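Chain by chain, the residues:
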Amino acid sequence: MLEGLVAWVLNNYLGKYVENLNTDQLSVALLSGKVELENLPLKKDALRHLGLPVEIKAGFIGKVQLQVPVRQIRSAPWLIAIENLYLVAAPVNLDEWDSVLEAHIAHERKTALLDALEAQWRAEHEARDAGYYAASYSSWLSYGTGLLANIVENLQLKLTDVHIRYEDAVTCAPQTFACGLTVQSLPKVDDANPVG
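Owing to the predicted nature of the structure, the values given are computational and were not obtained by experimental measurement. (Residues numbered from 1 in each chain as written. Predicted model: local features only at pLDDT ≥ 70, side-chain atom pairs only at ≥ 80, totals over all residues. Heavy atoms only, no water.)

## Some points on the overall build of the protein
Point 1. When helices and strands are tallied, the protein shows three helices and five strands.
Point 2. The linear arrangement of helices and strands in the protein, starting from the amino end, is α-β-β-β-α-α-β-β.
Point 3. A burial count over the protein gives 30% of its 196 residues as buried.
Point 4. In the protein, 68% of the contacts between residues at least 6 apart in sequence involve partners at least 24 apart.
Point 5. Summing over all exposed atoms, the protein offers an accessible surface of approximately 12,500 Å²; the carbon and sulfur share of this is 57%. (Helix = DSSP H or I, 4+ residues; strand = E, 2+ residues; numbered from the N terminus. Buried < 20%, exposed > 50% of the residue type's maximum accessible area, 1.4 Å probe, protein only. Contact = heavy atoms within 4.5 Å. Areas by Shrake-Rupley, 256 points an atom, 1.4 Å probe, with all protein chains shown as cover.)

Listed below in structure tokens is the structure:
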């Protein structure tokens, strides 16, 4: 069960941004509750999921640690620590513009928003109209969703050693410019949706 929860957290929060994230073979050290992944390459379109018209030319995450509070899964914070995030970004090349991909990304964002609204509406209406069997099923379902909700509410993100470089040869052509940002450390962020 713990491996499944850890895989869900990693896939849900990192899967859109990291190449070849394979959590099928994941084994969690049950006593320590720590999971470490190293040298994860970033997807070329990782920032596009955030609605930014830029692509990653090169980038990787040096280390991702997920600390799972094994003894207090529902109440204690789950910490995702990202160390050594390096990326070089540039504006999307208009010659490589894929309107089908852009429409697909916009559709995914809208579908996720609609799914969340529908789930909220169903929860409100089914609570009022529940019979005996529906209430029994609903209690088991609410236990599972309650567990996931507690995990998401207790999720914390910590970033250290972040290097971002933006190179642009399109905006002020024929001149090229670049700028960068380095951040030594960001404190833990308590957020239900820290990266996406």
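## Brief notes about the packing of aromatic side chains
The description of an aromatic ring pair uses the distance of the two centres, along with the angle that the planes make with each other.
Point 1. Going through the model one piece at a time under the given rule, you end up with two aromatic pairs.
Point 2. For the ring pair Phe60 and Tyr86, a centre distance of 5.3 Å and an interplane angle of 35° mean the geometry is tilted. Of the two residues, Phe60 sits in strand β2 (residues 54-67) while Tyr86 sits in strand β3 (residues 78-91), which places them 26 residues apart along the sequence.
Point 3. Residue classification places Tyr86 among the partly exposed residues on the basis of a relative accessible area of 29%.
Point 4. Relative to Phe177, the ring of Tyr166 lies with its centre 6.2 Å away and its plane at 55°, an arrangement referred to as tilted. Taken as a pair, Tyr166 in strand β4 (residues 155-168) and Phe177 in strand β5 (residues 177-190) lie far apart in primary sequence, eleven residues in all. (Phe/Tyr/Trp six-rings, centres within 6.5 Å; stacked < 30°, edge-to-face > 60°.)

## What about the confidence of the model for the protein?
For any part of a model where pLDDT is low, the fine detail of the predicted coordinates should not be relied upon.
Point 1. Residue-level pLDDT values for the protein average 76, and 73% of them are 70 or greater.
Point 2. Mean pLDDT across the elements of the protein bottoms out in helix α3 (residues 132-153) (60) and peaks in β4 (91).
Point 3. In this model residues 192-196 is a low-confidence stretch, pLDDT under 50, and it forms twelve contacts with partners more than four residues away in sequence or in other chains. (pLDDT = per-residue confidence, 0-100.)

## Focus: the environment of Glu55
Point 1. You can see Glu55 is positioned in strand β2.
Point 2. Judged by its relative accessible area of 7%, Glu55 falls in the buried class.
Point 3. As for Glu55 and Pro91, which are separated by 36 residues in sequence, their C-alpha atoms are 6.1 Å apart.
Point 4. Within polar-contact distance, the side chain of Glu55 engages the side chain of Lys57 at 2.9 Å. (Polar contact = N/O pair within 3.5 Å; in protein donor to acceptor, adjacent residues only side chain to side chain.)

## Structural notes on the pairing of β2
Point 1. One ladder, built from seven bridges, connects strand β1 (residues 34-41) with β2; its direction is antiparallel. Counted as the bridge partner of Glu38 is Lys63 from β2. (Pairing = 2+ DSSP bridges.)

## Remarks on the pattern of salt bridges
Point 1. Tallied over the entire structure, the rule returns three salt bridges.
Point 2. Residues Glu55 and Lys44 are paired through a salt bridge, measuring 4.0 Å at the closest nitrogen-oxygen approach. Placement of the pair is Glu55 in strand β2 and Lys44 in the loop between β1 and β2, with a sequence separation of eleven residues.
Point 3. Of the residues examined, Lys44 reaches a relative accessible area of 45% and is grouped as partly exposed.
Point 4. One salt bridge connects Glu55 with Lys57, and the closest N-O pair in it is separated by 2.9 Å.
Point 5. When salt bridges with common partners are traced through the structure, they connect Lys44, Glu55 and Lys57 into a single cluster. (Salt bridge = Lys/Arg side-chain N within 4 Å of Asp/Glu carboxyl O.)

## Topic: a nonpolar patch on the surface
Point 1. Together, Leu113, Leu114 and Leu117 make up an exposed nonpolar region whose accessible area comes to about 320 Å².
Point 2. With respect to the helices, strands and loops of the structure, Leu117 is situated in helix α2 (residues 99-128).
Point 3. Since its relative accessible area comes to 47%, Leu117 is described here as partly exposed. (Patch = residues over 30% accessible without salt bridge, like charges linked within 9 Å, V, L, I, M, F, W, Y side chains within 5 Å.)

## Quick word on the environment of Ala106
Point 1. Here Ala106 lies in helix α2.
Point 2. The spacing of Ala106 and Gly51 is 55 residues in sequence and 8.7 Å in space, taken between C-alpha atoms.

## With respect to the environment of Lys34
Point 1. Here Lys34 shows up in strand β1.
Point 2. Considering only alpha carbons, one finds Lys34 and Leu79, 45 residues apart in sequence, at a separation of 9.6 Å.

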